[in-house]
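# Coordinates in review
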Amino acid sequence: MNKIYYLSTCDTCKKILAQINDISKFELIDIKTNTLTEAQLEEMYAFTKSYEKLFSKRAQLYKQLNLKEANLDEAGFKKYLLEHYTFLARPVIIYNNQIFVRNAVKTVSAMLEVVNQ
């Protein structure tokens, strides 16, 4: 199933979603109101083979908790991803067995090229 994990209050996420021609092809999952489950995280991990790739080091909570100094390993990244939605790099778009993580221009362009065919 095609899914988009996003934050409904994030203007960048809204802008990216608005560029998708047929959003009805996706299950939209607002990570603030729908807590990320371990099964969902494992599905993402199956594509990336890394919890760190799914983790946002730009999150305010990352700075507040001084996690940079914690030298997190994969188990640590997973723990925090499951504890609080803000740690998930977003959006995460799963489409036809491909995953697109973050809002980098290159990533968004590649995703739109595939999704809007």
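Conventions and cut-offs
Throughout, a residue's number is its position along its own chain's written sequence, starting from 1. Given that this is a predicted model, residues contribute local features only at a pLDDT of at least 70 and side-chain atom pairs are listed and counted only at 80 or more, while totals for whole chains, interfaces and linings are drawn from all residues. To obtain the side-chain values, all non-hydrogen atoms of the structure were included, while hydrogens and water were left out. Buried residues are those whose accessible area, probed at 1.4 Å on protein chains only, stays under 20% of the maximum for their type, while exposed residues exceed 50% and partly exposed ones sit between those limits. Counting from the N terminus, the helices are the DSSP runs of H or I reaching at least four residues and the strands are the DSSP runs of E reaching at least two. Contacts between residues were defined by any pair of non-hydrogen atoms, one from each residue, lying within 4.5 Å. An arc is given here, and it is the one of the directions from the helix axis to the C-beta atoms. Any two strands with at least two DSSP-identified bridges between them are counted as paired. Note on geometry: axes are C-alpha line fits, over the in-contact stretch for helices, and angles between N-to-C directions span 0 to 180 degrees. Put simply, a salt bridge is a Lys or Arg side-chain nitrogen that is within 4 Å of an Asp or Glu carboxyl oxygen.

### Observations regarding helix α4 (residues 74–83)
Buried within α4 are the following residues: Gly76, Phe77, Lys78, Tyr80 and Leu81. At its buried positions, α4 is contacted by α2 (38–48).

### Some details on the side chain of glutamine 40
Mapping glutamine 40 onto the fold places it in helix α2. In contact with glutamine 40, not counting residues within four places along its chain, are Tyr5, Ile29 and Thr35.

### As for α2
Turning to α2, its buried residues number three or more, namely Gln40, Leu41, Met44 and Thr48. The buried residues of α2 all sit within an arc of 95 degrees when viewed along its axis, so they share a single face. Those residues of α2 that are buried are in contact with β1 (3–6), β2 (27–30), α4, β3 (92–95) and β4 (98–101).

### A few points about the environment of glutamine 60
Within the element layout of this structure, glutamine 60 appears in helix α3 (residues 60–64). For glutamine 60 and asparagine 103, which are 43 residues apart along the polypeptide, the C-alpha to C-alpha distance reads 17 Å.

### Concerning the environment of lysine 3
Mapped onto the secondary structure, lysine 3 falls in strand β1. On the accessibility criterion, lysine 3 (14% relative accessible area) is buried. Here the alpha-carbon distance between lysine 3 and leucine 28, two residues 25 residues apart in the chain, equals 6.0 Å.

### With respect to the sheet that holds β3
Spatially, β2-β1-β3-β4 is the arrangement adopted by the 4 strands of the open sheet, whose pairing is mixed. Taken across any chain shown, the strands that pair with only one partner, and hence form the sheet edges, are β2 and β4. Across the sheet, the mean angle from the axis of one strand to that of its neighbour is 10 degrees, orientation sign disregarded. The pairing of β3 with β4 spans 4 bridges and is antiparallel. Looking at the pairing, valine 92 lines up with valine 101 of β4. Contacting β3 and β4, helix α5 (residues 105–115) crosses the sheet at an angle of about 145 degrees to β4.

### Thoughts on the pairing of β3
Here β3 shows a buried face lined by Val92 and Ile94 and a second buried face lined by Ile93 and Tyr95. Here β3 folds back onto β4, and the loop between the two strands holds 2 residues, one of which, asparagine 96, carries a positive phi near 45 degrees.

### Structural notes on the pattern of salt bridges
Summed over all chains, the structure comprises 6 salt bridges. Notably, a salt bridge pairs lysine 78 with glutamate 38, separated by 2.7 Å at the nearest N-O pair. Of this pair, lysine 78 sits in helix α4 while glutamate 38 sits in helix α2, and the two are 40 residues apart along the sequence. Residue class for lysine 78 comes out buried when judged on its relative accessible area of 18%. The class of glutamate 38 is partly exposed, set by a relative accessible area of 44%. Between glutamate 83 and lysine 79 there is a salt bridge; the shortest N-O distance is 2.8 Å. Residue glutamate 83 and its partner lysine 79 are both found in helix α4; the two are separated by 4 residues, about one turn of the helix. A relative accessible area of 48% places glutamate 83 in the partly exposed class.

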